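Observations on the three-dimensional arrangement
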Amino acid sequence: MLLVQKFGGSSVADAEKIKRVAGIIADNYCDGNDVVVVLSAQGDTTDDLLEKAAEINPNPSKRELDVLLSTGEQISVALMSMALEKMGMPVVSLTGWQVPVSTNFQHGNARIRSVSTERLRQELDRRRIVIVTGFQGISGTGEITTLGRGGSDTSAVAVAAALHADKCQIYTDVDGVYTADPRKVEGARRLDEITYDEMMELASLGAQVLHNRSVEMAKRYGVELEVLSSYERKPGTQVKEVVKNVEQMKISGIAKDHNVARIAVVGVKDEPGVAFKVFRSLANAKINVDIILQSIDRNGLNDISFTVAEDELDKAFEILKGRRDHIGYSDLFASKNVAKVSIVGAGMLSSSGIAATMFEALSDAKINIQMISTSEIKVSVLLDESCADKAVQVIHNKFFN
Ligand code: ADP
Ligand code: ASP
Ligand code: MG
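Now for a description of the structure that goes with this document. Note that the structure is a prediction, hence the values are computed from the model and not measured. (Residues numbered from 1 in each chain as written. Chains lettered and ligands numbered in written order. Predicted model: local features only at pLDDT ≥ 70, side-chain atom pairs only at ≥ 80, totals over all residues. Heavy atoms only, no water.)

Examining the pattern of salt bridges
- Scanning the model with the defined rule gives 27 salt bridges in all.
- Between Glu123 and Arg119 there is a salt bridge, with the nearest N and O atoms lying 2.8 Å from each other. Placement of the pair is Glu123 and Arg119 together in helix H4 (residues 118-125), with a separation of four residues, close to one helical turn.
- Residue Glu123 is classed as buried on the basis of its relative accessible area, which comes to 3%.
- With a closest N to O distance of 3.4 Å, Lys234 and Glu232 form a salt bridge.
- Residue classification places Lys234 among the partly exposed positions, given a relative accessible area of 34%.
- Salt bridges linked by common partners bring Arg119, Glu123, Arg126 and Arg128 together as one network. (Salt bridge = Lys/Arg side-chain N within 4 Å of Asp/Glu carboxyl O. Helix = DSSP H or I, 4+ residues; strand = E, 2+ residues; numbered from the N terminus. Buried < 20%, exposed > 50% of the residue type's maximum accessible area, 1.4 Å probe, protein only.)

Rendered as structure tokens:
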């Protein structure tokens, strides 16, 4: 089998952990598998590098930030290769530009265009274990790029897709995907299987266990994905196209996203073109809008509220402030004290009352809902940030106890 195995930051945080992971890799190799390993930076390295940058220049160019951030993963692959060398294993480490992993030009959030397999194949043909840096690539003009926080999962899936690997295993510090963050939610249950679609929603809605683009890519290329523990040797959660829902669970998970802010555009004219003016201004600045709520007409006026990512709030606010005359509103409000809590499940397609059950849990806990948005397989609510953890717990209790 050709295995692509990705180990996250916590799994390679120190020398002991690197040695243990090297043992897992060596065992898989000695079982006769071809093994490509993708690694993240050790522990909090990426955060530490961001801090180091900020001490010197609070506003560095995105190019130089990528040069800096990509070093974390380079340290990991070198150390892991040394650990395997010490065990007598044939091994070679490769950075993103050595593979190369080609990306677009978007520093800090680059998209992978292709992964070249020539070098990887050469090394595998020589029966070497190949250790590749996650999170990084190289643009068409030879610049180092990074894929966005948590992006090593996507590197791993891209390598697996390019090599037509038999399996892509994401080793992390929990033993699979749970119905909610097992570190925060009491009674969270481990799932044996989850569909790509559900996992994609959970990841996009705040479950950090997988980078959302990694799941999207796995679905597109039919990569078999497994999330498993780097501490215990046992099967994890399979992410795949179709699953058998033996427990007949109505929802498969709950996620929380703190990176949300709300903007209210108050007192706009109730006439065609107003929403267009608001959202076109934001779209032109490439700001993504998520939940949108428009109030009903009162005396020819209404309000439009919506959410954006918290780190884009200031930019969005400034743009709308500058367009006040063009849009024609009486007030503009912004709040960062909100969070989005979502339930996800393919079961929603076939059973009714799931949203009502979620709202009942919130009502019982006296938690106020500010906004609601739904799609085929998810329901999201916007809440005061201070209630979000409790909300996840009470919703979880309602569905799973
Ligand atoms: P890595 O460093 O291995 O990439 P991450 O910290 O990115 O690890 O992701 C693993 C973490 O994701 C877990 O420690 C867990 O707290 C969190 N998490 C959030 N939601 C879930 C979920 N539904 N299932 C499992 N883990 C989750
Ligand atoms: N090291 C990067 C980060 O911390 C990428 C990753 O861990 O997936 O975001
Ligand atoms: Mg991660």
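What about the site of ligand 1?
- Taken together, 17 residues form the shell around ligand 1, and within it Thr172, Asp173, Tyr178, Asp181 and Arg183 come nearest.
- Within the side chain of Arg183, one N or O atom sits 2.8 Å away from an oxygen atom of ligand 1.
- Compared with its free state, where it exposes 570 Å², ligand 1 has 87% of that area covered by protein.
- Residues belonging to the shell around ligand 1 are distributed by class as follows: seven nonpolar, six polar and four charged. (Near = heavy atom within 4 Å. Polar contact = N/O pair within 3.5 Å; in protein donor to acceptor, adjacent residues only side chain to side chain. Areas by Shrake-Rupley, 256 points an atom, 1.4 Å probe, with all protein chains shown as cover. Nonpolar A, V, L, I, M, F, W, Y, C, P; charged D, E, K, R; others polar.)

A few points about the site of ligand 2
- The immediate surroundings of ligand 2 are formed by Ser40, Ala41, Thr46, Glu73, Phe135, Arg149, Gly150, Gly151 and Ser152.
- Within the contact set of ligand 2, an oxygen atom lies 3.2 Å away from a side-chain nitrogen or oxygen of Ser40.
- Interatomic distance of 2.8 Å between a side-chain N/O atom of Thr46 and a nitrogen atom of ligand 2.
- About the coverage of ligand 2: the protein hides 86% of its 260 Å² of free accessible area.

Some details on the sheet that holds strand E16 (residues 301-309)
- With antiparallel pairing, four strands are arranged side by side in an open sheet as E15-E16-E14-E17. Two strands lie at the open edges of the sheet, namely strand E15 (289-294) and strand E17 (331-335), each paired on one side alone. Across this sheet, the average inter-strand angle for adjacent strands is 15°, counted without regard to direction.
- With eight bridges joining them, strand E14 (residues 260-269) and E16 adopt antiparallel strand pairing. From the neighbouring strand, Ala261 faces E16, where its bridge partner is Val308.
- In the packing of helix H8 (residues 274-284) onto the sheet, the strands contacted are E14, E15 and E16, and the crossing angle to E16 comes to about 20°.
- Contacts between helix H9 (residues 313-322) and the sheet are confined to E14, E16 and E17, with E14 contributing the most and set at about 15° to the helix. (Pairing = 2+ DSSP bridges. Axes fitted to C-alpha atoms, helices over the stretch in contact; angles between N-to-C directions. Contact = heavy atoms within 4.5 Å.)

Brief notes about the environment of Tyr196
- Positionally, Tyr196 belongs in helix H6 (residues 196-204).
- Look past the residues within four positions of Tyr196 in its chain and what remains in contact with it is Val215, Ala218, Lys219, Gly222, Val223, Glu224, Val239, Lys240 and Glu241.
- Here Val223 takes part through its backbone oxygen, which lies 2.6 Å from a polar atom of the side chain of Tyr196.

Quick word on the packing of H6 against helix H7 (residues 212-221)
- Taken N-terminus to C-terminus, the directions of H6 and H7 make an angle of 165°; their axes are 8 Å apart at the nearest point. When the axes of H6 and H7 are compared, the pair comes out roughly antiparallel. The interaxial crossing formed by H6 with H7 has left-handed handedness. Contact residues: Tyr196, Asp197, Met199, Met200, Ala203 and Ser204 in H6; Asn212, Val215, Glu216, Ala218 and Lys219 in H7.
- Residues that form the contact of H6 with H7 fall into these classes: six nonpolar, two polar and three charged. (Parallel < 35°, antiparallel > 145°, perpendicular 65-115°, else oblique. Left-handed = near helix turned anticlockwise from the far one by under 90°.)

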